[in-house]
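Notes for the structure review
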There are 2 protein chains.
Amino acid sequence: MPHTPTAKETRAPERPLILISNDDGINAPGVYRLIDYLADMAEIVCVCPDSPRSAQSMALTVTEVLRLDHHPDYNGAQIYSCSGTPADCVKLAMRSVLERRPALVIGGINHGSNSGVNLLYSGTMGVATEGCVFGVPSIGFSLTTHRLDADFSRCRRWVREITRKVLENGLPDGVCLNVNIPYDGPEPQQMRVVRQCHTSWSEEYKRYTDPMGRPFYMLSGHFVNEEPESTDTDEWCLSHGIVAVVPVLTDRTAPLSTISFLE
Amino acid sequence: MPHTPTAKETRAPERPLILISNDDGINAPGVYRLIDYLADMAEIVCVCPDSPRSAQSMALTVTEVLRLDHHPDYNGAQIYSCSGTPADCVKLAMRSVLERRPALVIGGINHGSNSGVNLLYSGTMGVATEGCVFGVPSIGFSLTTHRLDADFSRCRRWVREITRKVLENGLPDGVCLNVNIPYDGPEPQQMRVVRQCHTSWSEEYKRYTDPMGRPFYMLSGHFVNEEPESTDTDEWCLSHGIVAVVPVLTDRTAPLSTISFLE
């Protein structure tokens, strides 16, 4: 007697679920390009901050309430906005939005570089680090320009290739990826796995005076590569037209011997 | 002819300068206890957030302006409040408040533990990490209770001992300290240099409904030690009455070989 397939057997195999967030907020073009580039590879749920939350690092909202709003689908993806930080978006999505565990958490595509020390302040990498804390393979993608009208098309190949490889291979526990794609110059032809560059900001606070005569301040400054000769850093790659992939730890412990004078 | 000392030679030797900040804000008792414990060891300038900024990680204020207010001295220390995050306080202090480079940057004393994964969210460790990014030896101190009326006296010995040793020995480039002091039980009799424990939060978002019928959420949950058998972690120390000192890196690069499948 021939086997009659059950409803379950005839259903298409379940596509991987990808959770997307960012730090530029629900209105930033970068997140919609990310959805476009991955729409045929996965089911996508997107939970983004309701306004820009740049440089929010791993900040969490602990004393205020969070709002969650559901928007019309975009290119097949479910879209939500949240009143919190990038890390809040991932936590709230994981706990209260997603109906199954995602195969990946992706932050981006960020408008602006997250190379070097910027990693520590980055809300995009806050998304990826929070996903990693949940034990989900996680990636942050950034394009090295702050232009809101930037052409993201050069990201498509690298977003798809890296996402596909991580879907296939996973990532080690406690490791997420910081991917920066150079914006200037010709389209990048290669990527490299490199380390976080030693960089700094030569900051200045611009001092203003308000109408009541009281001072206020705004941060400005420029980014400095502290080791321009090193060829194994994310900054070196970006200044040579190469996509930089840095594997990033959530465990920040230094070798214990570095502070043996305390023992 | 006898040498007549110049004014410069007769001036008392300059005391080390310590910059203090926190994430519990200018009104939290912990920062005043920290000043009390160090007042005889250093000149102190304190720049704290003007209200609580818990779980702000390394967040920076980039789209809003910063206000800086000068308050009356406390126990010989200069006191300022800033409208920004803990990391903002350190940056603004370094760039626009301090008249010389500090010998140390210290965050705390925090009300609540910053062990395990909490390190990533901690504003106290945002202070220490930011100090470390500036190349200044930096420490975050936390007492493992959230009680605002907590007795901090057990911290005195450890704050003084660790601060003195770091003033004498410095810290390696790119390494700061995360010091947690157990609150429960008898006064700690020892400290250990240990690693960041693998921990997690079993979070839940409590869901509410506002008067208009719309939902909102607040974060709750409890902290889980994922490796309770490991004896070389900060969490193990804290649950055994031992002061935990974790050396913390600003470079988060994982071993590149962990993602060799991307090459």
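Refer to the structure above for everything that follows.
Here's a quick rundown of the structure. Bear in mind that the values here come from a model prediction, so they are computed numbers and not experimental data. (Residues numbered from 1 in each chain as written. Chains lettered and ligands numbered in written order. Predicted model: local features only at pLDDT ≥ 70, side-chain atom pairs only at ≥ 80, totals over all residues. Heavy atoms only, no water.)

Overview of the overall build of chain A
Looking only at helices and strands, chain A has 7 helices and 11 strands in total. In terms of overall dimensions, chain A is globule-like: its C-alpha atoms have a radius of gyration of 20 Å, near the 18 Å expected for 263 residues. In terms of principal-axis extent, the alpha carbons of chain A reach across some 85 × 50 × 50 Å. In chain A, of all internal contacts separated by at least 6 residues, the share reaching a separation of at least 24 is 77%. Accessible surface computed for chain A: about 11300 Å², of which carbon and sulfur atoms make up 50%. (Helix = DSSP H or I, 4+ residues; strand = E, 2+ residues; numbered from the N terminus. Rg over C-alpha atoms; globule rule 2.2 N^0.38 Å. Contact = heavy atoms within 4.5 Å. Areas by Shrake-Rupley, 256 points an atom, 1.4 Å probe, with all protein chains shown as cover.)

Topic: the pattern of salt bridges
Counted under the stated rule, the structure contains 26 salt bridges over all chains. In this structure, B:Glu14 and B:Arg100 form a salt bridge, with 3.4 Å as the shortest nitrogen-oxygen distance. A residue pair is termed long-range when its members are at least 10 positions apart, and B:Glu14 in the loop between helix H1 (7-10) and strand S1 (17-21) and B:Arg100 in the loop between helix H3 (86-97) and strand S5 (104-111) qualify at 86 residues. By relative accessible area, which is 25% here, B:Arg100 ends up partly exposed. Here the salt bridges share partners, and the residues they tie into one network are A:Glu14, A:Glu43 and A:Arg100. (Salt bridge = Lys/Arg side-chain N within 4 Å of Asp/Glu carboxyl O. Buried < 20%, exposed > 50% of the residue type's maximum accessible area, 1.4 Å probe, protein only.)

Some thoughts on the relation of the copies chain B and chain A
Once chain B has been moved 0.0 Å along the axis and rotated by 180 degrees, it coincides with chain A to within an RMSD of 0.0 Å. Each copy turns onto its partner about a two-fold axis. Comparing interface residues between copies, 100% of those in chain B also lie at the interface in chain A; the contact surface is shared. (Least-squares fit on C-alpha atoms with pLDDT ≥ 70 in both.)

Things to note about the pairing of strand S3 (residues 68-74) of chain A
Residues and elements named next belong to chain A. Pairing between S3 and strand S4 (residues 77-82): 5 bridges, direction antiparallel. Looking at S4, one finds that His-71 is bridged to Ile-79. Hairpin remark: S3 followed by S4, antiparallel, with 2 residues in the connecting loop; positive phi at Asn-75, about 50 degrees. (Pairing = 2+ DSSP bridges.)

A word on the interface of chain B and chain A
Where the parts come together, the accessible area they lose is often given as the size of the interface. Taken residue by residue, the interface counts 71 residues in chain B and 71 residues in chain A. Carbon and sulfur atoms supply 62% of the area buried between chain B and chain A, which totals about 6500 Å² over both sides. Put simply, chain B and chain A have 2 salt bridges between them. One salt bridge in this structure joins B:Asp210 and A:Arg67, with 2.9 Å as the shortest N-O distance. Inspection of the chain B/chain A interface yields 29 residue pairs in polar contact (both at pLDDT 80 or more). (Buried area = accessible area lost by both parts, 1.4 Å probe. Polar contact = N/O pair within 3.5 Å; in protein donor to acceptor, adjacent residues only side chain to side chain.)

Details of helix H2 (residues 29-38) of chain B
Summarising burial for H2(B): 7 of the 10 residues are buried, a large majority. Along H2(B), the positions that sit buried rather than exposed are B:Gly30, B:Val31, B:Tyr32, B:Leu34, B:Ile35, B:Tyr37 and B:Leu38.

Some remarks on the sheet that holds strand S8 (residues 191-193) of chain A
Residue and element names in this part refer to chain A. Spatially, the 9 strands line up as an open sheet ordered S3-S4-S2-S1-S5-S6-S7-S11-S8, and their pairing is mixed. One side of each edge strand has no neighbouring strand; the edge strands of this open sheet are S3 and S8. The mean inter-strand angle of the sheet, taken between neighbouring strand axes irrespective of direction, is 20 degrees. Two elements, strand S6 (residues 138-143) and strand S7 (residues 175-181), share 5 bridges in a ladder whose sense is parallel. (Axes fitted to C-alpha atoms, helices over the stretch in contact; angles between N-to-C directions.)

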